[in-house]
Amino acid sequence: AEQEACAAAIGFLKDSKSIPLLKTLSKSPSVNVKLSACHALHSLGERSAKDEIISLAKDKNLFAIQLLGDIPGTEEVLISL
């Protein structure tokens, strides 16, 4: 839970110096930590993180589906879900 919250905080604070840490967290076995890190990475300009969020949303992860609402260009995925 702490890692998830920290990843979210880094994204909210736009701490670009923490991108390497977020990339590590985006490989976490915890899906919530992974999604939080990917969302933070996306908000910091790392557009490749969007693909991981889409993939998890397609697996019916509700947190990932909710995150797609904040990501432009994912409307078709949301409609299909």
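Residues numbered from 1 in each chain as written. Predicted model: local features only at pLDDT ≥ 70, side-chain atom pairs only at ≥ 80, totals over all residues. Heavy atoms only, no water.

Attention shifts here to the overall build of the chain. When helices and strands are counted, the chain shows six helices and zero strands. In terms of overall size, the chain behaves like a compact globule, its C-alpha atoms giving a radius of gyration of 12 Å where 81 residues would be expected to give roughly 12 Å. Projected onto the principal axes, the alpha-carbon positions of the chain cover approximately 35 × 25 × 15 Å. Looking at the 81 residues of the chain, the share that counts as buried comes to 38%. Here the analysis covers contacts within the chain between residues at least 6 apart in sequence; of these, 36% occur between residues at least 24 apart. Looking at the chain as shown, the accessible area adds up to about 4900 Å², and 56% of this sits on carbon and sulfur atoms. Computed over 9 positive and 10 negative side-chain charges, the inter-centroid distance for the chain is 5 Å. (Helix = DSSP H or I, 4+ residues; strand = E, 2+ residues; numbered from the N terminus. Rg over C-alpha atoms; globule rule 2.2 N^0.38 Å. Buried < 20%, exposed > 50% of the residue type's maximum accessible area, 1.4 Å probe, protein only. Contact = heavy atoms within 4.5 Å. Areas by Shrake-Rupley, 256 points an atom, 1.4 Å probe, with all protein chains shown as cover. Lys, Arg positive; Asp, Glu negative; His and termini not counted. Charge placed at Lys NZ, Arg CZ, Asp CG, Glu CD.)

Before going further, it helps to examine the nonpolar core. With 22 residues, the main nonpolar core has Leu22, Leu35, Ile53, Ala64 and Leu68 as its most contacted residues. Setting aside residues no more than four positions away along its own chain, Ala64 makes contact with Leu35, Ile53, Leu56 and Ala57. (Core = buried A, V, L, I, M, F, W, Y, C linked by side-chain atoms within 4.5 Å.)

Our next topic: the pattern of salt bridges. Here the structure, examined in full by the defined rule, presents two salt bridges. Put simply, Lys23 and Glu46 hold a salt bridge, and the shortest N to O gap is 3.7 Å. In this pair, Lys23 sits in helix α2 (residues 19-25) while Glu46 sits in the loop between α3 (31-43) and α4 (49-58), placing the two residues 23 residues apart along the sequence. Exposure remark for Glu46: the relative accessible area of 24% places this residue in the partly exposed category. A salt bridge links Lys34 to Glu52, with the shortest nitrogen-to-oxygen separation between them at 3.9 Å. (Salt bridge = Lys/Arg side-chain N within 4 Å of Asp/Glu carboxyl O.)

Right, let's talk about the state of the cysteines for a bit. Enumeration according to the criterion identifies zero disulfides in this entry. The thiol sulfur of Cys38 is not disulfide-bonded, and the nearest other cysteine sulfur, from Cys6, lies at 16 Å. (Disulfide = S-S within 2.5 Å.)

The terminal C-alpha atoms of α3 lie 18 Å apart, and with 13 residues this matches the ideal 18 Å at 1.5 Å per residue to within 8%. The set of residues buried in α3 consists of Val33, Lys34, Leu35, Ser36, Ala37, Cys38, Ala40, Leu41 and His42. Residues of α3 that are buried make contact with α1 (2-13), α2, α4 and α5 (62-68). Immediately beyond the C-terminal end of α3, within one or two residues, lies Gly45, with a positive phi of roughly 100 degrees. (Expected span 1.5 Å × (residues − 1).)

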